[in-house]
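These are the residues of each chain, in order.
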Amino acid sequence: MSESESTHGPRRSQRERKQAAHFVSGSSQKRKRDEVDTDDQGDAVPHLSDAEDPPSPNEEEGEDYSARKSKGKAPFPAKPKAKPRAPRRTRVTKAAEPKEPSARRPRKVHTNGDASNANKIPEDFKINTDNALFNAIMNPSAALQSTVEDFLESLRETPTTAQAELVNCILRACGCNETVNGDEAVDYDGVVDALDNFTEALKQDDSPLYPLTSKLPVFKKFRKSLSEFIERLITSSAELGVLYTTDLMSTIQTWVTCMSSSQLRSFRHTATVVALEVLTALCDVAAAVDKEADVLDRQKAGEKKRKAGNKTKASTGREKELEGKAADVRERKASLSEFLKELVDSVFVNRYRDLDPSIRAECVRSIGLWFKKYPGHFLDGSYLRYVGWVLSDSNTQVRLEAVKSLSGVYQNADFIGALQNFTERFKPRLVEMATRDTELAVRVAVIGVLGAIDAHQLLEDEQREELCMLVFDEDAKVRRAVSAFVRGVWAELVDERLAGRRAGAQERTRAGVKALATLLVRLAKPLARKAAVAEDDEESVNGEATSSRPRRVREVAALVGAEQRGRITLAVEALWDDVEPVGDWEALLDVLLLDHSAGAEGSQESRGRRSKGSKASNDSAVDEAWRLEEVEEAVLLEVFVASLRKAKANAVSAKKGEEETVVSDITRALIKSIPRLFSKHQTDEARIAVVLSIPLLMNLDLYLEMRMTPAYASLWDDIMKQFTSHSSPLVLSHAVVAIRHLMDATSLSNTNSTKILELEDELATSLRDAVAGRDELEIASFTEDEVLLLGAICARLTTLAGARDMSAWMEEDEGGKQSSAWDIVSALLDRGRLGYKEEEAMVDQALNLLTLHIIWKARRLPVEPQPTPDEANLRESFNEQRESLLKRLVEYAVGSQSNTTGGVRRSAFQNLLNLHILFCPPQDPDSDDPPRALLSLTLDDEVQLRCSAFVQSEIERFAEEGMDRNQSVDRSDEAASSDEDATPKKGRSKKNKKQTNGTREPEVSTSAGKQTTRAQLEHEYVFMGMISTFLRAIRAGAIHPDHSAVLLTHHGRLGAAFDHCSKVVVDVLREWGMYKGEGGVVVNVATSALKDSFTLMLEGITPDEAHAISLAKALVPCLMMRGAQLAVVRRLDAQHVVAIHTHLLAWIVKRLAAHEANKNKKAKNTAIVFFRVLQPLLAPVESRDALKIKAYMDQILAQAKIEVSPTSPAWEPQRAYERRLNNIMSKTKGAASRAGGKAAGKSKEFITSDEEGGEQSGDDVAAPQEPARPRPQPRAAYRSKKAAEEQGAASTAEDGDEDEDRRSDADAASPSPSKKRAASARGSKSRSGSPSKRPREGTPTSPVTPQPSPGAEPDAEATPKASRKRSRPVEDEEGDGAEEEEGDGAPLEEGAADARERVASSSPARPASRASTAGEPQIKVRNKRARH
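The shown structure was predicted, so the numbers you read here are calculated from the model rather than taken from an experiment. Note on numbering: residues in each chain are counted from 1, in written sequence order. Reporting of local features is limited, given that this is a predicted model, to residues whose pLDDT is at least 70; pairs of side-chain atoms are given and counted only at 80 or more, and all residues count toward the totals for whole chains, interfaces and linings. Calculation of side-chain values draws on the structure's entire complement of heavy atoms; hydrogens and water are dropped beforehand.

Asks: Where do I start with the overall build of the chain in this structure?
Replies: Scanning the chain from N- to C-terminus turns up 62 helices and four strands. Here the chain holds 1428 residues, and 50% of them are scored as buried. Every residue pair with non-hydrogen atoms within 4.5 Å of one another is taken to be in contact. A sequence separation of at least 24 residues applies to 75% of the contacts in the chain between residues at least 6 apart. Methods summary: accessible areas were calculated by the Shrake-Rupley approach with a probe of 1.4 Å, and residue burial reflects only the protein chains presented. Of the roughly 67,400 Å² that the chain leaves accessible, carbon and sulfur atoms contribute 50%. Strands are runs of DSSP state E lasting at least 2 residues, helices are runs of H or I lasting at least 4, and numbering of each runs from the N terminus. For every residue, the accessible area obtained with a 1.4 Å probe (protein chains only) is divided by the maximum for its type, and the residue is called buried under 20%, exposed over 50%, and partly exposed between those limits.

Structure (structure tokens):
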């Protein structure tokens, strides 16, 4: 490719021709070598011996490729060696295929380096090294220029042979070992037939690899060397004129064109690469020819001028010479144009849309090079459109290459004129890729291209704004990529602000700050509009009034911290290095401290006075060029805080001492300015919250060092003022964080202690004043303002109590003169019984405050067993207060007589469980924890049940709101689709076609209803907070795991966060079932959850059984644990696993019986689907347990008189469940036979884990038996299989399940080719006995196996093997024996049938099916096999 142009020099193959003159030919390539000792191999490895040139890095990289020393006489004497040379081994070269004789000196079979390269190519790669050109390309140390010169010399002497060698080189590059001679190479009419023959031969090869795609180290540089070889070949042939006078291009074009259309990817890919490289080299040649033509035109023009000055009309010799050169140049230019057109039309036009994305990427990459190398020909709309079309390619690499090809073009200003039409046509697609493409690399590259386009003013304002909005993108790389684009837009805004004036440095800085604020506000407006529309839709869906909004904000206040990262912070981080005002926090502070409210009135006057040089104007008014609007001021304040954080973070990573310097500079500037910021923004909640986060960035110790303690006290006063005057959770949380930061300044502890006491006294006074004059607060009436005031006071107290121990303050009553805060807040809490919606916030905060008081007070309790009287009084007081609070919490949360609101109920529920989690009794009965034992709390069973019911109701409410929201979205979608139906069909078809272009749909849907709004996230956060509290109570032991079924029931319905809670429940159940021995808990929870989950589907709440199946799969880990390599390390007791299946089977069969009695066929068919839910639960079931489950299922189906249809699709879930049971019962025998025959040394645990590796299909059981029965020898295969089965059955029969008679009959009826194995099998079977003829009499083979029902499915063995599906391994195993017996040509013997049936039924590994008696079904097997 083009890399070779800029890399001349280092490689030997890229030196000037004079330096490579001593290379005689490309076939022999006699080189001067040194012999180097190799200590590890003992071989003399030759290398280049040019003393003048040190080895280049590329030669060192390719040192593994050592060229073979020429057998002829060396042209130069060898240099003496300083050390004795190691004895060299005789090299054995590969014999070459006979080639057509030529007049030239015959070529060697291997070139220099062939032997080593042949050894390097793996044997399984199967590429011959009999082509000199291919070997030179393979050798990184080969002199390709010398190789090209020798080839061109050969081309002049023997054209056909040289062209055949070039064609063979291309074939070797394709991985093809076929060879063509000279006549075949130039027989253009026979190229297609020859390639067809090569293709048919290669189709038989199982090695699809070829050099271009191989990952082997030997081919690491093949692509680069091939490109260099073709470039040198075309360039040298053009310089020598061979390109225009021989059939070289015709041969290349004919073969490459035909190969590029081959069905084989190796041919198609390699030929395309060769053609593209030839085209790239031709572009260089054509560009040089055009340059030569321009020089000749200028020379001719100069000659004409001289002739006109001499006033002579006769043409001079100089003119004739120039005319001859011009004619020659025209001929060469015409030939080159023809070459380019033919290759483009025959290869590129067809392959740029190839099925292989790598070929498409090669084409697009090459056309990008052509644009730069030969713009006069290719930089045209007829070629640019190909790049535009592949911008919608489905492959990432192709789209990326298309963008890269455009990037190099748009960066050249000379090409913009030719790109106008292309830009207008495809810039919407480029903008779409930048905003919505699935791949990050493509988005970043497209942003760079659009930046180059915008530099030439070719983008619309809407498109520029859409691109600038990417500064808020979620991906950091996209934000950084678009920062340069945003810088250009910002610079234009600055120029507009300062238009018509001569601005100084300060004025330009302030105008830049104003432009930054304006730009960020403009970009944030579309996002704010989308959020507002989404909020309106959310409120319309939920039917909630705006009064519910503060409730949600309060509940999610914990999410908001002082270090939150909003979109402005992300934009600051992205623009830090590109936009100057972002990193200049001093300039930002300077503009923020200006009084922008005075700019409107006196802007004109101030501008006139400023022009006269008056300095007083700066203090009286702000110039209109940098006067901020309120929204701009709010945004700029966020930018300022983010800039401070970024500067501080950068200082941390800088050199030592830099952080302290930066923080000190920031603190000194803020000490003077922060009081002005407080006074300026104290009325706006959002802005004052940002200002409250500024003290966190200051070094407070500087107040003491600078002796500015009064200023520090003033800072305390400002923060306390905001805390006591605002009720917003955002402001309160930021204020408390700031207070904690001030309290951490130990050097100013005196001031801190004084100020915090003042704050507590002020809060106590405000609380008492708010309730002054009222005796019975529980029933007193409050105005709306009083309720809001009390709610705000409780919110302040709760926020402060969350960060500071205020338990002593809560109980302070001034010696009985005043009511304590505990008494007042408790009285306010009692008003929750009234159920006033207006007082919900107040009661909620009172609940939280009293709960925090109990938690803080518990920390002060004594831990000694024998407390002092004061400590005993403290403990007694604590117990009284806690019991009083718990009584109210139980009443409000799960009480039946309470009239509390929904918000209070949820808050009481969470506080109730939090207290019980905190004071939960020790889980370990042997633990010695007296304090915890004294304070422990337990929930009554009735309260636990009510808590579970409350959680169930909350889940249903949340799910219903989600359904209502989805229905609203569906209605909006239907309305949108109806609008689309009114559009012409032609437009819709284009839209649909565009959607299949391989790129993704917009990440953010155009429908506002489909967006995840802030309200939805807050609502989900509140819901998950309640669910997680309930889950923590189960985990801690405060609530029994029996009540966890309410969470598992809705697994898969309510999102990923809820499903994560279900996984925690499964972990709890596993701990109880496997480690605590409480398997009954697992049975109760699993059965209840599965029943309720499937009932949701039966009642139409969920669309299908997918959620129930997902729950069944999630429950498997609590039934079995897997370790390394999926080995089962622990199981739940088998009786509990069987109990789960039996309980669920009894439940579903009871439903089926009811539907059968009511003749409700539709409901019955729906209920049958429950058997699919049961299938995942069979993973931990073992053979004996599967037998019990199957027997129980057959029994209850028979008792319910339910007939299972063998052919009805509705009963397929039940049949699949039964097949799984049969597979499990057959696994033990298959495992035993395989373990005895193949891996007797394996441990039992390994075999068990191998066989029970989850939900395996039946193919895994039957597949290993297929090679054991070759069809030409059915009798031998049958006997060997029979013996293996008997040996496996014998190994499992030692437990004593069957009697001796059955085993002896089986031995007599099935002769074995190995007497020793048969004897051992009979000996082992004789230890367990059973009546031999019971299966023939129709009795069950097991005491628990029921009689087959009359309507049962005929024996599955009747299905021919050729028509069976892969998921029925038991039938395959049973059918194999019948088929092999048929293959022997003998009738089915009764004794053999009995023995086989008894052997199969003697162990749980081979159970008999429900209709597997020895009568008619066995005959059906033989008849059906005979028909096939």
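Asks: I'm lost on the packing of helix 44 (residues 1014–1036) against helix 46 (residues 1056–1075) in this one. Help?
Replies: Helix packing for two helices is described by the angle between their axes and how far apart those axes are. Where helix 44 contacts helix 46, the axes come no closer than 10 Å and their chain directions differ by 5°. In terms of orientation, helix 44 lies roughly parallel with respect to helix 46. Contact residues: Glu-1020, Phe-1023, Met-1024, Ile-1027, Leu-1031, Ile-1034 and Arg-1035 in helix 44; Ala-1057, Phe-1058, Cys-1061, Val-1064, Val-1065, Asp-1067 and Val-1068 in helix 46. Among the residues forming the contact of helix 44 with helix 46, the class breakdown is 11 nonpolar, no polar and three charged. Whenever a helix is involved, its axis is fitted only over the stretch in contact; in every case the axis is a line through C-alpha atoms, and angles between N-to-C directions fall within 0 to 180 degrees. To sort the angles, those under 35 degrees are grouped as roughly parallel, those over 145 as roughly antiparallel, those from 65 to 115 as roughly perpendicular, and the leftovers as oblique. Lys, Arg, Asp and Glu make up the charged group, whereas Ala, Val, Leu, Ile, Met, Phe, Trp, Tyr, Cys and Pro make up the nonpolar group; the residues left over, Gly among them, are polar.

Asks: Any chance you could explain the environment of Met-708 here in plain terms?
Replies: Its place among the elements puts Met-708 in the loop between helix 31 (701–705) and helix 32 (709–725). Here Met-708 falls in the partly exposed class, since its relative accessible area comes to 26%. Linking Met-708 and Ile-671, residues 37 residues apart in sequence, is a C-alpha distance of 9.0 Å. In this structure Met-708 touches Ile-671 and Tyr-703, once residues within four positions along its chain are discounted.

Asks: What exactly am I supposed to notice about the packing of aromatic side chains here?
Replies: Given two aromatic rings, one states the distance between the centres and the angle between the planes to describe the pair. Two rings from Phe, Tyr or Trp (for Trp, the six-membered ring) form a pair when their centres are within 6.5 Å of each other. A pair whose planes differ by under 30 degrees is stacked, one over 60 is edge-to-face, and the rest are tilted. Taken as a whole and assessed by the stated rule, the structure comprises 22 aromatic pairs. Plain terms: the ring middles of Phe-134 and Phe-222 are 5.8 Å apart, the flat faces sit at 55° to each other, and that makes the pair tilted. Of this pair, Phe-134 sits in helix 3 (residues 132–138) while Phe-222 sits in helix 8 (residues 222–240), and the two are 88 residues apart along the sequence. Accessibility expressed as a relative area gives 0% for Phe-134, which makes it buried. Ring geometry for Phe-1023 versus Phe-1058: centroids 6.3 Å apart, planes at 20°, classification stacked. A residue pair is termed long-range when its members are at least 10 positions apart, and Phe-1023 in helix 44 and Phe-1058 in helix 46 qualify at 35 residues. For Phe-1023, a relative accessible area of 3% puts it in the buried group. Taking relative accessible area as the criterion, Phe-1058 reaches 0% and is therefore assigned buried. What links up through ring pairs into an aromatic cluster is the set Phe-348, Tyr-352, Trp-370, Tyr-374, Phe-378, Tyr-383, Tyr-386 and Trp-389. Positioned above the aromatic ring of Phe-472, the side-chain terminus of Arg-567 is 6.0 Å from the ring centre. In this analysis the charged atom, NZ for Lys or CZ for Arg, is taken to sit over a ring once it is within 6 Å of the ring centre and within 35 degrees of the ring normal. Of note, Arg-882 hangs over the ring of Phe-919, and the distance from its end group to the ring centre comes to 4.9 Å.

Asks: Just checking my understanding: could you explain helix 50 (residues 1161–1168) for this structure?
Replies: Each α-helix turn comprises 3.6 residues. Residues three or four places apart therefore point the same way. Looking at helix 50, one finds that the buried residues are Ala-1163, Lys-1164, Ala-1167 and Ile-1168. Burial along helix 50 is one-sided: seen end-on, the buried residues are contained in an arc of 140°. Residues of helix 50 that are exposed and angled more than 90 degrees away from the buried face: Lys-1161 and Lys-1162. The arc in question is the one spanned by the directions pointing from the helix axis to the C-beta atoms.

Asks: What am I meant to see in the pattern of salt bridges here?
Replies: Between side chains of opposite charge, a pair can form as their charged atoms come close. Salt bridges are defined by distance alone: a side-chain nitrogen of Lys or Arg within 4 Å of a carboxyl oxygen of Asp or Glu. Applying the stated criterion across every chain, the model contains 56 salt bridges. Note that Arg-510 and Asp-590 form a salt bridge whose closest N and O atoms lie 3.0 Å from each other. Linking Arg-510 in helix 21 (residues 505–542) with Asp-590 in helix 25 (residues 585–592), this pair joins segments that are 80 residues apart in sequence. The partly exposed category is assigned to Asp-590, whose relative accessible area is 29%. Residue Asp-684 pairs with Arg-687 through a salt bridge whose shortest N-O separation is 3.7 Å. Here the salt bridges do not stand alone but share partners, grouping Arg-223, Glu-277, Glu-362, Arg-365 and Glu-401 into one network.

Asks: Can you help me understand empty space enclosed by the protein in this one?
Replies: A water-sized probe, rolled over the atoms, reveals where empty space remains. Detection works on a 1 Å grid of protein atoms alone, calling trapped sets that fit a 1.4 Å probe cavities and calling open sets with protein on both sides within 12 Å along at least five of seven lines pockets, with lining residues defined by an atom within 4 Å of a point. Grid points are joined across faces, edges and corners, and a volume is the space filled by probe spheres set on the points. In the structure shown here, the tally under the stated rule is 14 cavities of 30 Å³ or more. Considering only enclosed or pocket space, the second largest cavity measures out at about 110 Å³ in volume. Looking at the second largest cavity, the residues that line it are Leu-166, Cys-169, Ile-170, Ala-173, Leu-226, Phe-229, Ile-230, Leu-233, Ile-252, Val-274 and Val-278. Elements represented by at least two residues in the lining of the second largest cavity include exactly helix 5 (159–173), helix 8 and helix 11 (265–310). For the lining of the second largest cavity, the class distribution of residues is 11 nonpolar, no polar and no charged.

Asks: Got a minute to help me understand a negative patch on the surface in this structure?
Replies: For patch building, the residue pool is restricted to those with more than 30% relative accessible area and no salt bridge; the joining distance is 9 Å between like charges and 5 Å between nonpolar side chains (Val, Leu, Ile, Met, Phe, Trp, Tyr). Under the counting rule used here, the positive set is Lys and Arg, the negative set is Asp and Glu, and His together with the chain ends is not counted. To locate a charge, take NZ of a lysine, CZ of an arginine, CG of an aspartate or CD of a glutamate. A surface patch of negative charge is lined by Asp-183, Glu-184, Asp-187, Asp-189, Asp-193 and Asp-196. At the level of secondary structure, the elements contributing two or more residues to the negative patch comprise helix 6 (182–186) and helix 7 (191–203). Tracing the sequence through the fold places Glu-184 in helix 6. For Glu-184, a relative accessible area of 41% translates into the label partly exposed.

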